[in-house]
Amino acid sequence: MTVKDWKGEQILAIISVFLLFSINLLAFKYTVDIREPWHGELSSDHHQWLSGSALKFAKNWYRDGPP
């Protein structure tokens, strides 16, 4: 393999990684835009206990370490 071939493959790999990253970033932005009307609101189906429960377990794990 020549240096020219190696550089060509390296450039192709960099472009591929950049393309995949860009696609993922656009998909994430799209889903954030869809969820934007509900940002900062709790569910109307009485799931508020999930936030408190997650906070309680996170604090316990931070203090004691995960099991």
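Before reading further, recall that the structure is shown in the block above.
Residues numbered from 1 in each chain as written. Predicted model: local features only at pLDDT ≥ 70, side-chain atom pairs only at ≥ 80, totals over all residues. Heavy atoms only, no water.

Participant: Can you help me understand the overall build of the protein in this one?
Facilitator: Secondary structure assignment for the protein yields two helices and zero strands. Burial status across the protein gives 0% buried among its 67 residues. Looking at the protein as shown, the accessible area adds up to about 6700 Å², and 69% of this sits on carbon and sulfur atoms. (Helix = DSSP H or I, 4+ residues; strand = E, 2+ residues; numbered from the N terminus. Buried < 20%, exposed > 50% of the residue type's maximum accessible area, 1.4 Å probe, protein only. Areas by Shrake-Rupley, 256 points an atom, 1.4 Å probe, with all protein chains shown as cover.)

Participant: What exactly am I supposed to notice about the packing of aromatic side chains here?
Facilitator: By convention here, two paired aromatic rings are described through the distance between centres and the angle between planes. For the coordinates displayed, the defined rule picks out zero aromatic pairs. The cationic tip of lysine 56 hangs over the ring face of phenylalanine 57; the distance from NZ or CZ to the ring centre is 5.0 Å. (Phe/Tyr/Trp six-rings, centres within 6.5 Å; stacked < 30°, edge-to-face > 60°. Lys NZ or Arg CZ within 6 Å of the ring centre and 35° of its normal.)

Participant: Help me understand the pattern of salt bridges, please; the structure alone is not making it clear to me.
Facilitator: One side chain can pair with another of opposite charge once the charged atoms of both are near each other. Scanning the model with the defined rule gives two salt bridges in all. Among the salt bridges present, the one from aspartate 33 reaches lysine 29, with a minimum N-O distance of 3.1 Å. Note that aspartate 33 and lysine 29 are positioned in helix α1 (residues 3-35) at a spacing of four residues, about one turn of the helix. Arginine 63 is the partner of aspartate 64 in a salt bridge, and the nearest nitrogen-oxygen pair spans 3.1 Å. Residue class for aspartate 64 comes out exposed when judged on its relative accessible area of 56%. According to the relative accessible area criterion, arginine 63 is exposed, its value standing at 59%. (Salt bridge = Lys/Arg side-chain N within 4 Å of Asp/Glu carboxyl O.)

Participant: Before we go on, may I ask you to explain a nonpolar patch on the surface in this structure?
Facilitator: On the surface, a cluster of nonpolar side chains totalling about 390 Å² of accessible area is made up of Tyr30, Ile34 and Trp38. Looking at the element boundaries, isoleucine 34 is found in helix α1. (Patch = residues over 30% accessible without salt bridge, like charges linked within 9 Å, V, L, I, M, F, W, Y side chains within 5 Å.)

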